[in-house]
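# Structural features, examined
Next come the chains, spelled out residue by residue.
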2 protein chains.
Amino acid sequence: MDRLRVVKIGGNVIDSPESLLALLQRFASMEGPKVLVHGGGKLATELSGRLGIVPQMVDGRRITSEQDLEVVTMVYAGLINKRMTALLQSMGCNAIGMSGADGNVILAHRRPVREVDFGLVGDVRQVNGPLLQSLLKQGISPVLCAITHDGAGQLLNTNADTIAAEVAVALSGLFDVELIYCFEKKGVMRDAENGDSVIARLSPALYTELRSTGAIHSGMIPKLDNCFAALERGVGRVVITDGETIGGEHTHGTIITTEGDDSH
Amino acid sequence: MDRLRVVKIGGNVIDSPESLLALLQRFASMEGPKVLVHGGGKLATELSGRLGIVPQMVDGRRITSEQDLEVVTMVYAGLINKRMTALLQSMGCNAIGMSGADGNVILAHRRPVREVDFGLVGDVRQVNGPLLQSLLKQGISPVLCAITHDGAGQLLNTNADTIAAEVAVALSGLFDVELIYCFEKKGVMRDAENGDSVIARLSPALYTELRSTGAIHSGMIPKLDNCFAALERGVGRVVITDGETIGGEHTHGTIITTEGDDSH
């Protein structure tokens, strides 16, 4: 099977024009089929502020109102997605920017109301693998933003990490998929204060240990749960990295693995 | 050759949620390959106003500044394009929303500065016919917004009427193309005050006559010049209509034709 790389970049990369340009250049230089998934960044918050939209919080959690959805649709699917697509085109990468509604590429359902009504937030229901495969076969690289749809005409705000994982899983029957999460650190750290403490390979056993000692906590937990779930659902390899080596032969960072615990 | 319909809708349709919904339903119900091209509408002007962006005019003509381009990219490529795509999906039409940068579908160059520097405005250079054909073959309907790119990383604001004409021309070697411009009137009028004076067929001779009498004037002239040019460049049929019958067997309105002058 051909190797496919699914690269997810977050707000920290998008907010810095230099970092974004460098990362897009590395993405463009990657050979073989590839998919880029991007989150938002400060631009949406800034635009909301300029428009006087007050963030709505329920029990300390941000919810997505109609107005918020308009803003993220404009910023994620419009400004950021099209800027990135145009830049990739200029770098010789035939990118196609997409929301989940485009070609029905990511169908979601509105998150059911349990303790909190998150508003217009979607959980991924189905990824259109055949369309992605058809584009990839034509040498086109999909660039997916974090907006999906419910099939009944409603756009939904969706977590970009989850989109990346679901796309990687959906394509893992067709390709040998490597899922690469780029974030602000070099990888998963043993010690947040020590930039050199990157964990080379993170196994389930080590993950359990580092959670119990508190070395891995808060936002990293759902991120890593996502990674292990993706491996269990057929993704060949998951890497967490700062993205500085994604264009190279080997991507540095933390390899998330279900194969034994050989990182000690 | 298969018949292909390229439908262009403008701001007047987009500004009214009821008109837009009705038109999308008619578009969705059209059988066979089809492309939708849309302009902007009041939303971009409204957003600019809320953001305190002052329109820049040179010699009475609106120019596109960096800030204007950000707004139209957010509104045309983001909000309007994705809303329309999600609505079409809900109506059983497998739409894919695209800017010109996506899959390099519409390459433009920045309009050269002659008397006026229009700013970040693009004139169409090349339409990616093979990509559109590949999507259409898969039963996917491209929904194109009026944002293009220059291949060097710059997005450009582009006239939607021109995009529709250029797409129709580019695909006319592959399909028997009907180009349908939907606007606020039932067709081209002999008498602007008389809603029943729709011209059924407009030939070059009649066009010349009605220009000389002043019955056709101002904004209709570039629109009609575009239509005749499209016919000369291989488009099978051009219709100007209010869009109320586009889903039916025959589209009512004014047929623009280069075949003799049989409208008298």
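Please refer to the structure higher up on the page.
Report follows, based on the coordinates. Please read these numbers as outputs of a predicted model, since none were measured by experiment. (Residues numbered from 1 in each chain as written. Chains lettered and ligands numbered in written order. Predicted model: local features only at pLDDT ≥ 70, side-chain atom pairs only at ≥ 80, totals over all residues. Heavy atoms only, no water.)

Take the packing of aromatic side chains next. Each pair of aromatic rings is reported with the distance of its centres and the angle of its planes. This structure, assessed with the given rule, holds two aromatic pairs over all chains. With a centroid separation of 5.2 Å and 25 degrees between ring planes, the pair formed by Tyr207(B) and Phe228(B) is classed as stacked. Within this pair, whereas Tyr207(B) is found in helix H7 (residues 204-212), its partner Phe228(B) is found in helix H8 (residues 220-232), the two being separated by 21 residues in sequence. Accessibility classification places Tyr207(B) together with Phe228(B) in one group, the buried group. Between Lys34(A) and the ring centre of Phe27(A), over which it is positioned, the NZ or CZ distance is 5.3 Å. (Phe/Tyr/Trp six-rings, centres within 6.5 Å; stacked < 30°, edge-to-face > 60°. Helix = DSSP H or I, 4+ residues; strand = E, 2+ residues; numbered from the N terminus. Buried < 20%, exposed > 50% of the residue type's maximum accessible area, 1.4 Å probe, protein only. Lys NZ or Arg CZ within 6 Å of the ring centre and 35° of its normal.)

Following the sequence through the fold, Ser197(A) ends up in the loop between strand E11 (176-182) and strand E12 (201-202). With residues up to four places along the chain from it excluded, the contact list for Ser197(A) reads Val188(A), Met189(A), Arg190(A) and Asp191(A). (Contact = heavy atoms within 4.5 Å.)

Each side of the interface is counted separately: chain B has 38 residues, and chain A has 38 residues. Both faces combined, the contact of chain B with chain A buries some 2900 Å², and carbon together with sulfur accounts for 65% of it. Its largest share of buried area at the contact with chain A, chain B owes to Arg50(B), Met74(B) and Lys82(B), together 19% of the area lost on that side. Scanning the region where chain B abuts chain A turns up four salt bridges. When the shortest N-O distance is used, the salt bridge between Glu70(B) and Arg83(A) registers 3.0 Å. Seen at the junction of chain B and chain A, the total is 12 residue pairs in polar contact (both at pLDDT 80 or more). (Buried area = accessible area lost by both parts, 1.4 Å probe. Salt bridge = Lys/Arg side-chain N within 4 Å of Asp/Glu carboxyl O. Polar contact = N/O pair within 3.5 Å; in protein donor to acceptor, adjacent residues only side chain to side chain.)

The next subject is the pattern of salt bridges. Counted under the stated rule, the structure contains 22 salt bridges over all chains. One salt bridge in this structure joins Lys223(A) and Asp161(A), with 3.1 Å as the shortest N-O distance. You can see Lys223(A) sitting in helix H8 (residues 220-232) and its partner Asp161(A) sitting in helix H6 (residues 160-171), a full 62 residues away along the chain. Exposure class is identical for Lys223(A) and Asp161(A). Each is buried. Ionic pairing is found between Glu178(B) and Arg3(B), a salt bridge with its closest N-O pair at 2.6 Å. Of this pair, Glu178(B) sits in strand E11 (residues 176-182) while Arg3(B) sits in strand E1 (residues 3-9), and the two are 175 residues apart along the sequence. What you see here is one network of salt bridges that share partners, running through Arg3(A), Glu178(A) and Arg237(A).

Residues and elements named next belong to chain B. The terminal C-alpha atoms of helix H6 (residues 160-171), which comprises 12 residues, lie 17 Å apart, in line with the 16 Å expected from a rise of 1.5 Å per residue. Counting buried positions along H6 yields 10 of 12 residues, so the element is predominantly enclosed. All of the buried residues along H6 are Ala160, Asp161, Ile163, Ala164, Ala165, Glu166, Val167, Ala168, Val169 and Leu171. If you check the start of H6, you find a side-chain oxygen 2.9 Å away from the backbone N of aspartate 161, and it comes from asparagine 159. (Expected span 1.5 Å × (residues − 1).)

The next subject is unusual backbone geometry. Although it is not a glycine, Ser218(A) adopts a positive phi angle of roughly 35 degrees. With respect to the helices and strands, Ser218(A) occurs in the loop between helix H7 (204-212) and H8.

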